[in-house]
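Each chain is listed here by its residues.
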Amino acid sequence: ADTTPPVDGWVHDAGDVNASSVDADWGNAYTPSLGVSWGGWIDPQSGPATKYEFAVMVVDPLQSSELNTTVPGSLLRATVAAFLEARPDITSPAAEHTRAYGGGHAFSLHEVAGGVMLSEFVEAAPNASWSEISGVRIVAGFTYVGLLRVTNPAGLASVVPTDGIVFDHGTPCVRRPVPGLDAT
């Protein structure tokens with residue numbers, strides 16, 4: 001019997017769905033969607049993962065006291081993973097109704113902690129390695145984290161966050177962008 005969920009894969013967020021295999025940390029707030037790509041997921045006991053579902057976590061940097069960082073990178077990924085591990089009920093399939101692939105992509109967010117909002121999971125197309133999250137309102141300065149739920153043939157799942165992406169309305173800059181609203 002299989003006792004382990006899928007492991008050893010990766011997941012990235014992409015501000016441009018045409019560059020879905022490239023991890024992005026900063027994006028243009030005028031983009032209409034967020035891309036999430038993944039690969040390499042296997043299960044040592046039962047083989048390749050059989051189902052991929054994705055969701056989006058949105059973090060308001062001015063309201064969130066639950067996450068100690070909103071800067072994209074490995075620290076944010078680790079912080080979100082610990083946040084989700086402490087609250088397995090918010091990402092379990094029993095916690096919400098998962099939309100089947102083709103069932104529409106109108107995301108609605110619900111607050112799971114102060115300043116932390118989560119969408120429902122949507123099943124990806126069979127054999128997909130990326131998907132576009134549309135219908136989420138992109139707000140400059142907020143941090144967006146893609147979540148991937150990977151399920152093996154035995155029904156065991158891993159929920160893995162991307163390292164986050166922040167969108168900005170400003171023109172490109174040489175240094176790291178400062179999240180927030182730009183003067184127009």
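Because the structure is a prediction, the values reported are computed rather than measured. (Residues numbered from 1 in each chain as written. Predicted model: local features only at pLDDT ≥ 70, side-chain atom pairs only at ≥ 80, totals over all residues. Heavy atoms only, no water.)

(A) Up close: the nonpolar core. The biggest cluster of nonpolar side chains holds 28 residues, and the ones touching the most others in it are Trp 38, Trp 41, Tyr 52 and Tyr 144. Among the secondary structure elements, those contributing two or more residues to this core are strand 3 (33-39), strand 6 (51-59), strand 11 (143-151) and strand 13 (165-168). The dominant element in this core, judged by the number of residues it contributes, is strand 6, at four residues. In contact with Trp 41, not counting residues within four places along its chain, are Pro 6, Val 7, Asp 8, Gly 9, Trp 10, Pro 48, Ala 49, Tyr 52, Leu 148, Val 150 and Val 160. One finds Met 57, Phe 83, Leu 118 and Leu 147 within the second-largest nonpolar core, a separate group that totals 15 residues. (Core = buried A, V, L, I, M, F, W, Y, C linked by side-chain atoms within 4.5 Å. Buried < 20%, exposed > 50% of the residue type's maximum accessible area, 1.4 Å probe, protein only. Helix = DSSP H or I, 4+ residues; strand = E, 2+ residues; numbered from the N terminus. Contact = heavy atoms within 4.5 Å.)

(B) Structural context of the side chain of Thr 79. Note that Thr 79 resides in helix 1 (residues 74-86). For Thr 79, the residues in contact, after removing those within four places along its chain, are Leu 67, Asn 68 and Thr 69.

(C) Structural context of helix 1. Its 13 residues place the ends of helix 1 18 Å apart at the C-alpha level, agreeing with the 18 Å of an ideal helix rising 1.5 Å per residue. Along helix 1, the residues classified as buried are Leu 76, Thr 79, Val 80, Phe 83 and Leu 84. Along helix 1, the residues classed as buried sweep out an arc of 135° about the axis, all on the same side. Facing away from the buried surface of helix 1 by more than 90 degrees, the exposed residues are Ser 74, Leu 75, Glu 85 and Ala 86. Against strand 6, strand 7 (109-113), strand 8 (116-119), strand 11 and strand 12 (157-161) lie the buried residues of helix 1. (Expected span 1.5 Å × (residues − 1). Arc of directions from axis to C-beta.)

(D) Inspection of the pattern of salt bridges at higher detail. Per the stated rule, a full pass over the model turns up two salt bridges. The salt bridge partner of Lys 51 is Glu 53, with a shortest N-O separation of 3.9 Å. Between Arg 149 and Glu 53 there is a salt bridge, with the nearest N and O atoms lying 2.9 Å from each other. In this pair, Arg 149 sits in strand 11 while Glu 53 sits in strand 6, placing the two residues 96 residues apart along the sequence. (Salt bridge = Lys/Arg side-chain N within 4 Å of Asp/Glu carboxyl O.)

(E) The arrangement of the sheet that holds strand 10 (residues 130-134) in detail. If you trace the three strands from one edge of the open sheet to the other, you get 1-3-10, paired in antiparallel fashion. Of all the strands in the sheet, the pair left with one neighbour each is strand 1 (10-14) and strand 10. Going from strand to strand, the sheet's axes swing by 20° on average, the running direction of each strand aside. Bridging between strand 1 and strand 3 involves five bridges; their strand directions are antiparallel. Along strand 3, the bridge assignment pairs Ala 14 with Gly 35. (Pairing = 2+ DSSP bridges. Axes fitted to C-alpha atoms, helices over the stretch in contact; angles between N-to-C directions.)

(F) Quick look at the layout of surface pockets. Of the voids in this model, the second largest pocket is the one considered here, and its volume is about 150 Å³. Every residue lining the second largest pocket is listed: Ala 81, Leu 84, Glu 85, Pro 88, Thr 91, Val 159 and Pro 161. At the level of elements, helix 1 and strand 12 are the ones that each hand at least two residues to the lining of the second largest pocket. Take the lining of the second largest pocket: its biggest share by element is three residues, from helix 1. Classifying every residue of the lining of the second largest pocket gives five nonpolar, one polar and one charged. (1 Å grid on protein atoms, 1.4 Å probe; cavity = no way out; pocket = protein on both sides within 12 Å on 5 of 7 lines; lining within 4 Å. Points joined across faces, edges and corners; volume = space filled by probe spheres on them. Nonpolar A, V, L, I, M, F, W, Y, C, P; charged D, E, K, R; others polar.)

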